[in-house]
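# Observations on the three-dimensional arrangement
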Amino acid sequence: MPGRTATVEYGSDGVAVISLQNPPVNALHPAVLSGLFDRLREAHSRSDVKAIVVTGAKGKFSAGFDINEFGKQAGGGGIDSTINDNFCELLESGPKPTVAAIEGVALGGGLETALACNARLCSPGTKLGLPELQLGILPGFGGTQRLPRLVGLQTACQMMLTSAPVSDAKALKLGLVDGVVPRERLLAEARQLAAEIAAGTKPRQFTLYRTDKLEALGEALAVVDFARAETQKRAPHLMHPLLCLDAIRAGIEHGGRAGLRAEAEAFAKAASLDAHKALVHIFFAQRATKKVRGVTDAGLKPRRIKRIAVLGGGLMGSGIATASVLAGVDVLLKEINDKFLQAGMKRVEANIMSRVKKGKMKEAAAKAALGRLIGTLTYDDFGSVDMVIEAALEDVGLKQKIFADLEAACRPDAILSTNTSTIDISLVGAKTKAAERIVGAHFFSPAHIMPLLEIVRTPQTSKQVILNTLEYGSAIKKTPVVVGNCTGFAVNRVFFPYTQAACMLVDLGLDPYTVDKAIQFGFGMPMGPFRLSDLVGADIGLHVGHNVAGSYGERTYPSRIIQALVDAKRLGEKTGAGFYKFDARRKASPDPELAPFVERSRKEAGLFRGGKPPAFSPQDIVEFIFFPVVNEGCRVVAEGIVDKPADLDVATVLAMGFPPYRGGLIKWADLVGAKHVATRLAGWAEQFKSAGLDGFFRPTRGLLRDSMPGLTATVDYGSEGMALISLQNPPVNALHPAVLSGLFDRLREAHSCSDVKAIMGCLIKWADLVGAKHVAARLAGRAKQL
Ligand SMILES: C[C@H](O)CC(=O)SCCNC(=O)CCNC(=O)[C@H](O)C(C)(C)COP(=O)(O)OP(=O)(O)OC[C@H]1O[C@@H](n2cnc3c(N)ncnc32)[C@H](O)[C@@H]1OP(=O)(O)O
């Protein structure tokens, strides 16, 4: 692996400079670690070397252990413990002193490498932190021991538990680095400091053995125990933060070396948990949403969106304008009259000033952002914008008129986007000839805070438009996910069974508050479906329900109780009562006055005949509600609404608060097992068949296929443009629905591949006997002839 290593240069000043090399972020791949280890040993053994400086190539120190390597080796989370123990020991206590010269980032194992050095200098703009908990593990190169000894226990616990990095200035204040030096002098000053330590004119620090920053034993243990209690309260489902605190505690009680052993044990335990697999999956999935097959690999260059127009200054429009001006994009905010315009401009101002109040932004930067906002009542300046985002009322006729006006007012290359959440994107542009530059830009409320942006493409949307919209999404710090055009797009579509299944449980005799508790506290959603309904508003929920019923009627459940709440004007938070009642500070509590609504809904549904409600454990509630959501997710994947299943994982985490440590919707289903999901769904479909509700549960073909991995169809792509599809269900390849579904999917896949010219299907046994290669080659030859 020539690109992944550590190089060394020996200077005439007696200082060896070891440089970590693994662009773009010098992740500590095992090859880099073993390179570092070898170069260190070599430098320590040379008589012309007095001291060692460790740095990173190309302006980045290191973003930590190579996350791709997790799970590749059994046990230890992919980390070779012999190298781990030795390289930090060699850095800290080897014969020659070491200094870290840090630029850009020192995160996770990268910072731990620097912590093991005897001193640290960094350049302005560097971010330093231990974000391992975000990946479901804990620092594994001694960070749990050295960080508390360098910056104090309380700060160290906070840095590890929040995963938040600190700036160069804060690092200096905390004692995490010994100096901040301009980039161009960093290496020279690190060399000098290393030489001075070697000469004995500056002290050599051995962080693992320091105690001066630690509190007295009793006090220190109390700090850890308090952090533990808080963590248990805040993240009751997570084990790895507690394992991290255990390792810290062991070091406080028994010393740094014992602490290192405890850390290694805790690390291995955390690395074996599903939460780690799920969080690593989300880390990569989140970065992969920006890679869309056929779009980002089509050789096109994205164009920067510098100036946009937002139509509508309501909650959504002002949120979109806020996110844009904050990211340096100029915004024209258009409204239909001055009153609405002033209200919209004030909303943007309030959004930005609230960041100043919270200390997230300086006043000067806020002023600069607001300077990028211009209000208008006309289309006069629309010729200057690269993109329009329409955020007007959800009315097809109105939107069609707006888009026709936009076509006339904007440049022919301007992107015309709509923030609709319910209207077919193709309909919106029906009165224009601009279908190839019309796209959905679906933000989630509040738009300046929620991190997801669904980019909705139609078959006509051009690749360049999708690419430019992806670029805009990233620029305004959203995670953009490209999705297909269907009712509800990706997120709202997969989540329609969420509230409906919950309503069915109530109709079956369960208490709504018990349902919410199981979903929030048992599973880890930010809130249960009924509390969510109160937040969104029962009227909005009802409107969405009608929409999805129109498109997916056979698999929806009529939520009678929501209709009844709307009729009674119990819309939720905004009216003071819904499923819950709300006090003046909008604090929710169970409402005894909900009982008659529950009774009436049950009576109309006719699923509960009175007596004792059916026994549903919290786990049963979770599965009853989420497995239909998974089922719809499988449809969204199979229909190609998302580019890849992981996009849906990211979307559900960012838009719905699906617990990231469960990996997102589809990853979670994978971890639970497709067989279990499909079996339970099939069971409920059977149970509720007589009530005509089997459609709500019936497992999709894709799910059935995944639940029986042996039964499928496989495809081999030959070099001659021939795809060979084989049916797989020995001994006679009976056409089980899972095999048919596999065949269908493989066929679609092969038809969509530009380099496939012909497709051949065969029975696997016979093809095996003849030899698939031979069959494919003969057919390819024949295809050529023909
Ligand atoms: C033993 C130890 O205690 C265990 C560990 O060290 S675990 C690792 C701990 N470190 C981390 O969690 C840091 C993870 N990285 C990050 O936070 C961010 O990538 C960053 C702040 C370094 C850079 O952010 P940004 O500039 O936005 O670039 P970003 O797109 O995230 O990353 C650039 C590329 O580097 C990759 N990358 C970043 N950190 C990586 C890592 N530690 N390992 C492998 N790849 C990494 C990304 O996947 C991305 O790859 P791609 O271009 O193929 O998609």
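Residue positions are counted from 1 within each chain, in the order its sequence is given. pLDDT decides what is reported in this predicted model: residues at 70 or higher carry local features, side-chain atom pairs at 80 or more are listed and counted, and totals for whole chains, interfaces and linings draw on all residues regardless. For side-chain calculations, the full set of non-hydrogen atoms in the structure is used, while hydrogens and water are omitted.

Nonpolar side chains collect at one region of the surface, where Leu535, Val536, Ile540 and Val544 lie side by side and expose about 290 Å² of accessible area between them. Helical segments are the DSSP runs of H or I of at least four residues, strand segments are the runs of E of at least two, and each set is numbered from the N terminus. Every element with two or more residues in the nonpolar patch is listed here: α21 (529-536) and α22 (538-552). For Leu535, the position within the fold is in helix α21. Given the relative accessible area of 45%, Leu535 is considered partly exposed. Only residues above 30% relative accessible area that lack a salt bridge enter a patch, with like-charged residues linked at up to 9 Å and the nonpolar side chains Val, Leu, Ile, Met, Phe, Trp and Tyr linked at up to 5 Å. In these tables, accessible area is a Shrake-Rupley quantity obtained with a 1.4 Å probe, and a residue counts as shielded only by the protein chains included in the view. Put simply, a salt bridge is a Lys or Arg side-chain nitrogen that is within 4 Å of an Asp or Glu carboxyl oxygen. Throughout, exposure labels follow a simple rule: accessible area from a 1.4 Å probe, protein chains only, divided by the maximum for the residue type, with under 20% read as buried, over 50% as exposed, and the rest as partly exposed.

One pass over the structure, following the stated rule, counts 38 salt bridges. Between Glu390 and Lys399 there is a salt bridge, and its shortest N-O distance comes to 2.5 Å. Taking the relative accessible area as the measure of exposure, Glu390 reaches 0% and is therefore buried. Arg680 is the partner of Asp620 in a salt bridge, and the nearest nitrogen-oxygen pair spans 2.9 Å. Of this pair, Asp620 sits in helix α25 (residues 618-638) while Arg680 sits in helix α28 (residues 674-687), placing them 60 residues apart in sequence. A single network of salt bridges, built from pairs that share partners, joins Arg493, Glu554, Arg555, Glu632, Arg635 and Glu639.

This brings us to the UniProt feature "domain: 3-hydroxyacyl-CoA dehydrogenase C-terminal" (unreviewed entry) in the chain. Under the UniProt annotation, the feature "domain: 3-hydroxyacyl-CoA dehydrogenase C-terminal" (unreviewed entry) is placed at residues 488-581. Between the C-alpha atoms that bound residues 488-581 the distance is 29 Å, and the span itself is 63% helix and 2% strand. UniProt positions are given in the numbering used here, feature names are shortened, and annotations may be inferred rather than shown by experiment.

Before going further, it helps to examine the UniProt feature "domain: 3-hydroxyacyl-CoA dehydrogenase NAD binding" (unreviewed entry) in the chain. Taking the numbering used here, the UniProt-annotated feature "domain: 3-hydroxyacyl-CoA dehydrogenase NAD binding" (unreviewed entry) corresponds to residues 308-485. Taken end to end, residues 308-485 has its terminal C-alpha atoms 23 Å apart, with 40% of it in helix and 22% in strand.

This part is about the domain arrangement of the chain. One frequent convention defines the size of an interface as the accessible area lost when the parts assemble. Domain ranges listed in this record stem from an automatic or a database domain assignment. Domain annotation of the chain identifies domain 1 (5-272), domain 2 (307-487), domain 3 (493-640 + 673-705) and domain 4 (712-785). Relative to domain 2, the C-alpha centre of domain 1 lies at a distance of 43 Å.

Our focus in this paragraph is the side chain of Arg531. Looking at where Arg531 falls in the secondary structure, it is placed in helix α21. Contacts were defined at the residue level, with two residues in contact if any of their heavy atoms lie within 4.5 Å. The residues touching Arg531, leaving out its near neighbours within four places in the chain, are Asp516, Glu573, Tyr580, Phe582, Arg586 and Ala588.

This part covers the confidence of the model for the chain. Per residue, pLDDT measures the predictor's confidence, with a range of 0 to 100. Confidence in the prediction for the chain averages 93 pLDDT; 96% of positions are at 70 or higher. Of the two predicted TM-score estimates for the complex, the pTM is 0.88 and the ipTM is 0.99.

This brings us to the site of the ligand. Nearness here has a simple test: a residue counts as near a molecule or strand if at least one of its heavy atoms is within 4 Å of that partner. For the ligand, the set of nearby residues contains 26 residues, the closest of which are Phe65, Gly109, Glu112, Glu132 and Arg287. Pairs of N or O atoms are called polar contacts if they sit within 3.5 Å, as long as, within protein, a hydrogen donor faces a hydrogen acceptor (for residues adjacent in sequence, only side-chain-to-side-chain pairs). Within the contact set of the ligand, an oxygen atom lies 3.1 Å away from a side-chain nitrogen or oxygen of Lys291. About the coverage of the ligand: the protein hides 71% of its 990 Å² of free accessible area. Top element by residues in the shell around the ligand is helix α11 (residues 274-288). It accounts for three residues.

Take the sheet that holds strand β15 (residues 452-457) next. Two strands make a pair as long as DSSP finds a minimum of two bridges between them. In spatial order, the strands read β11-β10-β9-β12-β13-β14-β15-β16; together these eight strands make up an open sheet with mixed pairing. Each having just a single partner strand, β11 (373-376) and β16 (479-484) make up the two edges of the open sheet. Pairwise comparison of adjacent strand axes, ignoring direction, gives a mean angle of 25 degrees for this sheet. Here strand β10 (residues 330-334) pairs with β11 via four bridges, running parallel. Bridge pairing links Leu332 to Ile374 in β11. In this description, a line fitted to the C-alpha atoms serves as the axis of each element, helices being fitted only across the stretch in contact, and the angle between N-to-C directions of two axes falls anywhere from 0 to 180 degrees. This element, helix α15 (residues 396-409), spans β9 (307-311), β12 (387-390), β13 (415-418) and β14 (438-443) of the sheet and lies at about 165 degrees to β13.

Once that is clear, we can look at the packing of helix α20 (residues 512-523) against α25. Look at α20 against α25: their axes get within 9 Å of each other, and the N-to-C directions meet at 95 degrees. One finds that α20 runs roughly perpendicular with respect to α25. The segment α20 lies against α25, with Thr514, Val515, Ala518, Ile519 and Phe523 engaging Pro618, Ile621, Val622, Ile625 and Phe626. Only Asp, Glu, Lys and Arg are considered charged, only Ala, Val, Leu, Ile, Met, Phe, Trp, Tyr, Cys and Pro nonpolar, and every remaining residue, Gly among them, polar. Residue composition of the contact of α20 with α25, by class: nine nonpolar, one polar and no charged. Angle categories: roughly parallel below 35 degrees, roughly antiparallel above 145, roughly perpendicular from 65 to 115, and oblique for all the rest.

The next point concerns the sheet that holds strand β2 (residues 15-21). Read across the open sheet, the six strands follow the order β1-β2-β3-β4-β6-β8; overall the sheet is mixed. Strands at the two margins of the open sheet, each flanked by one partner only, are β1 (5-10) and β8 (179-180). Sheet analysis places strand β3 (residues 51-56) next to strand β4 (residues 98-102), joined by four bridges and oriented parallel. Bridge pairing in β4 places Val53 opposite Val99. Here helix α7 (residues 183-199) sits on the sheet in contact with β2, β3, β4 and β6 (119-122), set at roughly 155 degrees to β3.

Right, let's talk about α21 for a bit. Listed in full, the buried residues belonging to α21 are Pro529, Phe530, Arg531, Ser533 and Asp534. The positive-phi residue at the C-terminal boundary of α21 is Gly537, with phi of around 110 degrees.

Where β1 lies against β2, six bridges are found, and the strand directions are antiparallel. Residue pairing for β2: Tyr10 is matched across the bridge by Ala16. Hairpin connection, β1 to β2: the antiparallel pair is bridged by four residues, and Gly14 has positive phi, about 80 degrees.

Attention shifts here to the environment of Thr418. Its place among the elements puts Thr418 in strand β13. Thr418 sits 27 residues away from Ala391 along the chain, and the two C-alpha atoms are 6.4 Å apart. Within polar-contact distance, the side chain of Thr418 engages the side chain of Glu390 at 2.5 Å.

Bringing the pairing of β15 into the picture now. Counting buried residues in β15 gives five out of six residues, a clear majority hidden from the surface. Relative to β15, β14 is paired through four bridges, and the arrangement is antiparallel. Within β15, the residue paired with His442 across the bridge is Glu454. Place the viewer so that the strands point away; then a crossover is right-handed whenever the path from the first strand over the helix to the second strand goes clockwise. In this region the chain leaves β15, passes through helix α17 (residues 463-475) and returns to the parallel neighbour β16; the handedness of that crossover is right-handed.

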